[in-house]
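# Coordinates in review
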Amino acid sequence: MGVIKDGTISGVLPDPQGFLVHYPAYPSSMSRAVDTLGGVQGILKARSSQSNKLELRFRPEDPYSHPAFGELRPTNTLLLKISKRKPPSVHDAEASSSSGVKNGEQEIQPESRHHQEGSLCADIVAHVPEAYFFDGMADYQYVVPVHADVARRKKRNWSELEELHFDKGGFLDLDHEDVMIIVPPIFAPKDVPENLVLRPATMSSSKKKQEEIVQHHFETDMEPVLAIDFDIKEIPKKVNWEEYVPQGSDQWESQMVVSRMFDERPIWSKDSLNEHLLDKGLSFSHGMLRRLLSRISYYFSSGPFLRFWIKKGYDPRKDPDSRIYQRIDYRVPVPLRSYCDAHSANKSKHRWEDLCAFRAFPYKFQTSLQLFELVDDYIQSERNKPPLQATCTFATGWFSQHMINCIRQRLMVRFLSVFPKPGAENLLRAATSRFEKLKRECYRNAMKLDEEERQQANSGLEENEELDNAEDEEAAAEGHDSDEEWEEELDLAGDNEMPLPSHSYINIENISRTHLQELFGSFPPHEIDGDEVQANGSDEEYHIYEEDSEDNYSDE
């Protein structure tokens, strides 16, 4: 047993351990305190449970009493048994006082006086490594609205209902004065008070109400702008929001900043937009930012511009120059995703500018980037080339599938080259090899497409030349035939004969006959005998010149 001296005690730490309950009241007795904690069985049950909560019911006999909860916490405490040593007897005191007689007078020394009063002693009974603390407030209590004496007499202990049995009628034998009320097990979800920090109003109430009334009609009449189908025919039209938002208000200034950003370029990714706004000193909540963007932009639910905010009135499907704003996704390889998991738990985040410049490795499994923002010579050279496709497709936009695959592999090479930990060397070599292979395939595909275009262009030119030649020949033949018809009509009119109709199917035979006769008449007369001349003037002259007509036409 150690003696307490100057507030300190010395002793040996015992092996037994226990737990402590900081009881938040003054119980009338120890047994009453144990009953309010649920009795011995309730305390043992709380000790064996994993909730580490000990319930304290100030009225354990009341079934509607709501408990206060004690939380188990570690502590470093010792359980002491304090006792007071009895003072020495009178005989011992007289014997000790005789030694202190001096000059015939009795003098009591201070030490003997201390022993007469007694001393405090303490024993270290047990070590207490943990204790229950009742720091919270007790829950709201429901009291049955009856007289206290009647309630005390009639109140049952509902924990004993399991031992009751039904009578012959099948109902519990309850007194009419006893009230059965179903009370919720707990009223307040929290037992520790918390401070609520409310943001102050940024504008007066009248001004705010005026803005809300104006914006109600403006925003309810606005056409849908969120998650539009890529195959839609008409995109959302531009809205003049200046007529509806009060000038000089906070929303007016914020809306002007966002509108100027879309004047710089018509398509933005959400991450890039947020970072540019933060650089300007502006920060909006998710709902407020969507509200500002919905007034001046829209986004597709799929396609090559998936979830990129696009300026209203601008259709990237009809503008080949929009290819530089297309979306390209980067997915972290499976062996490196543990790195992303480790940083996602810490909620770490890189600057968007560093990701686009390949100065940092992404923390997300998938990152959606914009070709316009990527700082890479190869990607910039490919995006600035004229498009090889005449239309914007759903899968690859204005680029071919070969080019999209090649750009994705280029992203893989660039990001693997900045992976901060060892272990990505083999993946980097494999990605570089595949990128070179895909680049050669893209080059061959581009050459093949150029060759096909040249062949189509040449075939188109040949067809056009043939059509032009045929049209010229038909025009020349028509002009020549018209001259011959005119001369033939004059000759027939001079011979007082009826001219043949010029616009009938008979005219075809007359044209060929007249043409051959003119050719025969152009020959020198000395090369033909008189008999032949007479024969040519007969009915057989048509057959003679019909055989030579093809040669003459070709020579002519």
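So, here's what we can say about the structure. (Residues numbered from 1 in each chain as written. Predicted model: local features only at pLDDT ≥ 70, side-chain atom pairs only at ≥ 80, totals over all residues. Heavy atoms only, no water.)

## Structural notes on the overall build of the protein
If you tally the helices and strands in the protein, you get 18 helices and 12 strands. Per-residue burial over the protein gives 29% buried out of 556 residues. A separation threshold of at least 6 residues defines the contact pool for the protein, and within that pool the share at least 24 residues apart is 68%. (Helix = DSSP H or I, 4+ residues; strand = E, 2+ residues; numbered from the N terminus. Buried < 20%, exposed > 50% of the residue type's maximum accessible area, 1.4 Å probe, protein only. Contact = heavy atoms within 4.5 Å.)

## Description of unusual backbone geometry
Residues apart from glycine generally show negative phi values, whereas peptide bonds are mostly found in trans. For N52, which is not glycine, the phi torsion reads 60° and is therefore positive. Positionally, N52 belongs in the loop between α2 (39–48) and β3 (53–56). Overall, the relative accessible area of 36% leaves N52 in the partly exposed class. One non-glycine residue, F358, lies in the positive phi region at around 60°.

## Quick look at a nonpolar patch on the surface
Taken together, the side chains of I9, L13, L78, L80, I82 and L120 define a hydrophobic patch exposed on the protein surface, amounting to about 530 Å² of accessible area. Residue contributions to the nonpolar patch peak at three residues, all from strand β4 (residues 68–85). Residue position: L80 is located in strand β4. (Patch = residues over 30% accessible without salt bridge, like charges linked within 9 Å, V, L, I, M, F, W, Y side chains within 5 Å. Areas by Shrake-Rupley, 256 points an atom, 1.4 Å probe, with all protein chains shown as cover. Salt bridge = Lys/Arg side-chain N within 4 Å of Asp/Glu carboxyl O.)

## A short note on the sheet that holds strand β9 (residues 297–298)
In spatial order, the strands read β8-β10-β9; together these three strands make up an open sheet with antiparallel pairing. Across the chains shown, the open sheet's two edge strands, defined by having one partner strand only, are β8 (267–268) and β9. Judged from the two bridges that link them, β9 and strand β10 (residues 309–311) form a sheet pairing that is antiparallel. By the bridge assignment for β10, Y298 is matched with I310. Across the face of the sheet, helix α7 (residues 250–264) comes into contact with β8, β9 and β10 while running at roughly 80° to β10. (Pairing = 2+ DSSP bridges. Axes fitted to C-alpha atoms, helices over the stretch in contact; angles between N-to-C directions.)

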